[in-house]
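Remarks on the overall topology
What follows is each chain in one-letter form.
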Amino acid sequence: MTGTEAFTIDIMVQEDAPALCTLMVSNSERFSRYFPKTLAQNLTVEASNSFILRKIEEIESNVEFTYALRDYGTKIVAGLLILKNLDWDRKQGELAYCIGSNFERKGWITKAVKEMSNYAFKDLQLKTLQIIVHKSNKASTKVAEKCGFTWQKILEKAHTPPNEAALDMELYELYT
């Protein structure tokens, strides 16, 4: 897709399976609450291989767009950007993102969300993008705000992490 001097955003390929698995497993504690399904699908290299194949098919069929946020120098998968819950009739989608602890606090997610938003609006012709975060996730809230998303409302009991009660989530939106 695109990138900067520090990272690129692009489609994952089979060769990414070991790095994706390493990213997910080494960050399992931080991903388990808000990315439990993605984590569960990447606990082994073989599982990551299958995950990547599914994500390529989803992109090709316009169902969901999962891209690698890749360190420019090493080409290692540092995080994921996901455009999901697409409603083509309403021209709306939700952005989700995660990044490994070794790559946080570099501004990559903020820049990547801006790039993905531009892609969603210009190339996919979406009109509304959403980011759904928990109020305790201050870093993600800052990303939404820095990228021009505005708080809309509380979504009651919108996310149920593994072995926890359902959580109220904050809805942010960005429009073309």
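In this report, we go over the structure that sits alongside the text. (Residues numbered from 1 in each chain as written. Predicted model: local features only at pLDDT ≥ 70, side-chain atom pairs only at ≥ 80, totals over all residues. Heavy atoms only, no water.)

1. Considerations on the overall build of the protein
As a reminder of what qualifies: What counts as a helix is a DSSP run of H or I of at least four residues, what counts as a strand is a run of E of at least two, and both are numbered from the N terminus. Computation of the radius of gyration draws on C-alpha atoms alone. For the globule rule, the value is 2.2 Å times the number of residues to the power 0.38.
For the protein, the helix and strand inventory stands at 6 helices and 8 strands. The order of helices and strands in the protein, counted from the N terminus, is β-β-α-α-α-α-β-β-β-α-β-α-β-β. Whereas a compact globule of 176 residues would reach a radius of gyration of roughly 16 Å, the protein reaches 15 Å, a difference of no more than 12%. Along the three orthogonal principal directions, the C-alpha set of the protein runs to about 40 × 40 × 30 Å.

2. Here we look at the nonpolar core
Soluble globular proteins tend to pack their nonpolar side chains together in the buried interior. Note the cut-off: Side-chain atoms within 4.5 Å link the members of a nonpolar core, which is a set of buried Ala, Val, Leu, Ile, Met, Phe, Trp, Tyr and Cys residues. Burial classification: accessible surface area is computed with a 1.4 Å probe over protein chains only, and a residue below 20% of its type maximum counts as buried, one above 50% as exposed, and the rest as partly exposed.
Counting 33 residues, the largest nonpolar core has Leu83, Val113, Ile131 and Phe149 as the members making the most contacts within it. Put simply, the parts of the chain that give this core at least two residues each are strand E2 (7-11), strand E3 (65-71), strand E4 (77-87), strand E5 (92-99), helix H5 (108-122), strand E6 (128-133), helix H6 (138-146) and strand E8 (167-175). Sorting elements by how many residues they give to this core places H5 first, with 8 residues. Phe31, Phe51, Ile52 and Ala96 belong to the second-largest nonpolar core, a separate cluster that totals 16 residues.

3. Here's the deal with the packing of aromatic side chains
The geometry of an aromatic ring pair is captured by the separation of the ring centres together with the interplanar angle, meaning the angle of the planes. The condition that has to hold: In this analysis, rings of Phe, Tyr and Trp, with Trp reduced to its six-membered ring, are considered paired at centre separations within 6.5 Å, and the interplanar angle assigns stacked below 30 degrees, edge-to-face beyond 60, and tilted for intermediate values. Only lysine NZ and arginine CZ atoms are considered, and such an atom sits over a ring when it is within 6 Å of the ring centre and within 35 degrees of the ring normal.
Enumeration according to the criterion identifies 5 aromatic pairs in this entry. Relative to Tyr119, the ring of Phe65 lies with its centre 6.3 Å away and its plane at 75°, an arrangement referred to as edge-to-face. Here Tyr119 lies in helix H5 and Phe65 lies in strand E3, a separation of 54 residues in the sequence. This pair shows no difference in class: Phe65 is buried, exactly as Tyr119 is. By way of ring pairs, the aromatic residues Phe7, Phe103 and Trp108 are connected into one cluster. We note Lys75 situated over the ring of Tyr72; from NZ or CZ to the ring centre the distance is 4.3 Å.

4. Some words on H5
Selection rule: To estimate how far a helix should reach, multiply one less than its number of residues by 1.5 Å.
Between its first and last C-alpha, H5 extends 21 Å over 15 residues, near the 21 Å set by a 1.5 Å rise per residue. Among the residues making up H5, those that are buried are Trp108, Ile109, Thr110, Ala112, Val113, Met116, Ser117, Tyr119, Ala120 and Phe121.

5. Quick look at helix H1 (residues 17-26)
Because each turn of an α-helix spans 3.6 residues, side chains separated by three or four positions end up pointing in the same direction. Here is the rule we go by: This arc corresponds to the set of directions leading from the helix axis out to the C-beta atoms. Any pair of residues with heavy atoms lying within 4.5 Å of one another is described as a contacting pair.
All of the buried residues in H1 are Ala17, Leu20, Cys21, Leu23 and Met24. The buried residues of H1 occupy an angular sector of 160° when projected down its axis, which confines them to one face. For H1, the exposed residues lying more than 90 degrees away from the buried face are Thr22 and Ser26. On the buried face of H1, the contacting elements are helix H2 (28-31), helix H3 (36-40), helix H4 (45-60) and E4.

6. Here we look at the pairing of E6
Convention followed: Should DSSP find at least two bridges between two strands, the strands are taken to pair. Seen with its strands pointing away from the viewer, a crossover is right-handed if its path from the first strand over the helix to the second goes clockwise.
Burial analysis of E6 places 5 of its 6 residues in the buried class, the great majority of the element. Alignment of E5 against E6, held across 4 bridges, turns out to be parallel. Opposite Gln92, over in E6, you have Thr128 as the bridge partner. Taken together, E5, H5 and E6 constitute a β-α-β crossover, and its handedness is right-handed.

7. Points about the pattern of salt bridges
The condition that has to hold: For this analysis, a salt bridge means a side-chain nitrogen from Lys or Arg found within 4 Å of a carboxyl oxygen belonging to Asp or Glu.
Scanning the model with the defined rule gives 8 salt bridges in all. Note that Arg70 and Asp16 form a salt bridge whose closest N and O atoms lie 2.7 Å from each other. Of this pair, Arg70 sits in strand E3 while Asp16 is found in the loop between E2 and H1, placing the two residues 54 residues apart along the sequence. The same class applies to Arg70 as to Asp16, namely buried. In this structure, the salt-bridge partner of Lys55 is Glu64, at a minimum N-O distance of 2.8 Å.

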